[in-house]
Amino acid sequence: MTVHFVGAGPGAADLITLRAARLLGDAGTVLYPGTYLDAEVLSHCRADAHLVDTARLDLDQITATMVDADAAGHDVVRLTSGDPSLYSAVHEQTRRLDVAGVPWDVTPGVPAYAAAAARVGQELTVPLVAQSVVLTRTQARSTAMPDRERLDAFSATGATLVLHLAITHTRELMAQIEPHYGADCPVVVVYRASQPDEVLLRGTVGGAQPIADAVDAAGLRQAAVILVGPALAARTTGGESYLYSPHRSRQ
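Calculation notes
- Per chain, residues are indexed from 1 in the order of the written sequence.
- Restriction of local features to residues with pLDDT of at least 70 applies here, the model being predicted, together with a cutoff of 80 or more for giving and counting side-chain atom pairs; totals for whole chains, interfaces and linings are based on all residues.
- To obtain the side-chain values, all non-hydrogen atoms of the structure were included, while hydrogens and water were left out.
- Only DSSP runs of H or I covering at least 4 residues are called helices, and only runs of E covering at least 2 are called strands; the numbering of each starts at the N terminus.
- For each residue, the accessible area found with a 1.4 Å probe, counting protein chains only, is set against the maximum for its type, and the residue is called buried under 20%, exposed over 50%, and partly exposed in between.
- Contacts are assigned to residue pairs that have any heavy atoms within 4.5 Å of one another.
- Stacked, tilted and edge-to-face are the three classes assigned to paired rings of Phe, Tyr and Trp, where Trp is represented by its six-membered ring and a pair needs centres within 6.5 Å; plane angles under 30 degrees give stacked, over 60 edge-to-face, the rest tilted.
- Salt bridges, as used here, are contacts in which a Lys or Arg side-chain nitrogen is within 4 Å of a carboxyl oxygen on Asp or Glu.
- Here a strand pair is declared whenever DSSP counts at least two bridges between the two strands.
- Here an axis means a line fitted to C-alpha atoms, over the contact stretch when the element is a helix, while the angle between two N-to-C directions is reported on a 0 to 180 degree scale.
- Oblique is the label for any angle not under 35 degrees, not over 145, and not in the 65 to 115 range, which are roughly parallel, roughly antiparallel and roughly perpendicular in turn.
- Each crossing gets its handedness from the near helix: less than a right angle anticlockwise from the far helix is left-handed, clockwise is right-handed.
- We call two N or O atoms a polar contact when they sit within 3.5 Å, provided that within protein one can donate a hydrogen and the other can accept it, with sequence-adjacent residues counted only if both atoms are side-chain atoms.
- Grouping buried Ala, Val, Leu, Ile, Met, Phe, Trp, Tyr and Cys residues that are joined through side-chain atoms within 4.5 Å yields what is termed a nonpolar core.
- The residue classification treats Ala, Val, Leu, Ile, Met, Phe, Trp, Tyr, Cys and Pro as nonpolar and Asp, Glu, Lys and Arg as charged. All others, Gly included, are polar.

S.K.: How do you make sense of the environment of Asp105 when you look at a structure like this?
M.R.: Take Asp105: it is sitting in strand β5 (residues 104-107). For Asp105, a relative accessible area of 31% corresponds to the partly exposed category. In sequence terms Asp105 and Leu124 are 19 residues apart; their C-alpha atoms lie 30 Å from each other. The residues touching Asp105, leaving out its near neighbours within four places in the chain, are Thr2, Val3, His4 and Phe5.

This is the structure:
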């Protein structure tokens, strides 16, 4: 038997991969993050699957559930919100499974920031404006951030910033990045991207339409991603890709 770590995507039941749907349909036990996941995703599970909401379980309890299910002869799906490569605790869980001698694999999913960008119809890498994307988070009641990964250092690059797990600190974060991006730099916040209760907010780092005011008014507390950078400006800005230039040789 195998434990499959599967990206559940941003939440919509039709934004998972074909492989993810097949694995859910075959699994005898499915663990899922109820706080972040639209329950409709579980419609891909077979009728007799044992469903476990991990919202109130710690890492050892989650691992024990997977090990016990494997011992009972079940294939197991451990759903993660978005893509398993970002803030999914796959590192910690697979380390425990290795000790227990339980095989595992990983199936990627659609990350929340990609769903947010799609929702606003915006490319995050615009020629001559921004060609890099920084995926990071803030620190509050969470794991410490490495000293070298300071937000002001990332902001100095001018790259498109994607801030995860940060929505309750929006005002503080905007104050940190304003010296680098400017008060009028566009910001997009998407809460539960692709889900029925999705909320989309637009604003600026500071200036006349501070995004922090919009976040406070909406009462957002979790499950939101913040996109910041000049690449989010109107599509009249920026250059064009050399890859598709009529002046580039294609021989």
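S.K.: Can you help me understand the packing of aromatic side chains in this one?
M.R.: If you walk through the whole model with that rule in mind, you get one aromatic pair. Here the aromatic rings of Phe5 and Trp104 are separated by 6.5 Å at their centres, their planes lie at 85 degrees, and the arrangement is edge-to-face. A residue pair is termed long-range when its members are at least 10 positions apart, and Phe5 in strand β1 (residues 3-7) and Trp104 in strand β5 qualify at 99 residues.

S.K.: What am I meant to see in the pattern of salt bridges here?
M.R.: Close approach of charged atoms lets side chains of opposite charge pair. For the structure on display, the rule yields seven salt bridges. Residue Asp60 is joined to Arg96 by a salt bridge in which the shortest nitrogen-to-oxygen separation is 2.9 Å. Placement of the pair is Asp60 in helix α2 (residues 59-71) and Arg96 in helix α3 (residues 90-100), with a sequence separation of 36 residues. Measuring nitrogen to oxygen at the nearest pair gives 2.7 Å for the salt bridge that ties Arg171 to Asp216. Of this pair, Arg171 sits in helix α6 (residues 170-181) while Asp216 sits in helix α7 (residues 211-218), and the two are 45 residues apart along the sequence.

S.K.: Is there a simple way to think about the sheet that holds strand β4 (residues 76-80) in this case?
M.R.: Spatially, five strands are ordered β3-β2-β4-β1-β5 in an open sheet, and the strand pairing comes out parallel. The outermost strands of the open sheet, each flanked by one partner alone, are β3 (50-53) and β5. Going from strand to strand, the sheet's axes swing by 20 degrees on average, the running direction of each strand aside. Sheet topology places β1 next to β4; five bridges connect them, and they run parallel. Note that in β4 the partner of Val3 across the bridge is Val76. The sheet strands contacting helix α1 (residues 18-26) are β1, β2 (29-32), β4 and β5, and the helix crosses β1 at an angle near 140 degrees.

S.K.: Looking at this structure, I do not really get helix α4 (residues 112-119). What am I missing?
M.R.: Spacing of three or four residues puts side chains on the same side of an α-helix, whose turn is 3.6 residues. Considered for burial, the residues of α4 that qualify are Ala115, Ala116 and Ala117. Just beyond α4, the residue with positive phi is Gly121, at close to 65 degrees.

S.K.: What am I meant to see in the packing of α2 against α3 here?
M.R.: Two quantities define a packed helix pair, namely the angle between the axes and the distance from one axis to the other. Running from N to C, α2 and α3 point in directions that differ by 45 degrees, and their axes come no closer than 10 Å. Our classification of the angle between α2 and α3 gives oblique. α3 is crossed by α2, and the crossing has right-handed handedness. Residues Leu59, Asp60, Ile62, Thr63, Met66 and Val67 of α2 form the contact with α3, whose own contacting residues are Glu92, Gln93, Arg96, Leu97 and Ala100.

S.K.: Explanation requested: unusual backbone geometry in the structure shown.
M.R.: Glycine aside, a negative phi is what most residues show, and trans is what most peptide bonds show. The phi dihedral of Leu165 is positive, around 50 degrees, even though this residue is not glycine. Its location among the elements puts Leu165 in the loop between β7 (160-164) and α6. For Leu165, a relative accessible area of 52% corresponds to the exposed category.

S.K.: I would appreciate a short explanation of the side chain of Gln122 in the present structure.
M.R.: Here Gln122 shows up in the loop between α4 and β6 (133-137). For Gln122, a relative accessible area of 13% corresponds to the buried category. A polar side-chain atom of Gln122 sits 3.0 Å from the main-chain carbonyl oxygen of Ala231. Discounting residues that sit within four places of it in the chain, Gln122 has contacts with Ala117, Ala231, Leu232, Ala233 and Arg235.

S.K.: I would appreciate a short explanation of the nonpolar core in the present structure.
M.R.: In a soluble, globular protein the nonpolar side chains are often hidden away together inside. Core analysis: the biggest nonpolar cluster contains 23 residues, and Met174, Ile177, Val189, Ile226 and Val228 have the highest contact counts within it. When residues of this core are traced back to their parent elements, those giving at least two are β7, α6, β8 (186-191), α7 and β10 (224-228). In terms of residue count, α6 provides more of this core than any other element does, four residues in total. Here Val228 is in contact with Ala159, Thr160, Leu161, Met174, Ile177, Cys185, Pro186, Val187 and Val205, once residues within four sequence places are set aside. Membership of the second largest hydrophobic core comes to 17 residues, among which are Val6, Tyr32, Leu37 and Leu42.

S.K.: Just to check I follow, could you spell out the packing of α6 against α7 for this structure?
M.R.: Orientation of α6 relative to α7, taken along the N-to-C sense of each, is 175 degrees, at an axis distance of 9 Å. The orientation of α6 with respect to α7, classified from their angle, is roughly antiparallel. Touching Thr170, Arg171 and Met174 of α6 are Ile211, Ala212, Asp213, Val215 and Asp216, all from α7. Classifying every residue of the contact of α6 with α7 gives four nonpolar, one polar and three charged.

Purely geometric numbers; function is a separate question.
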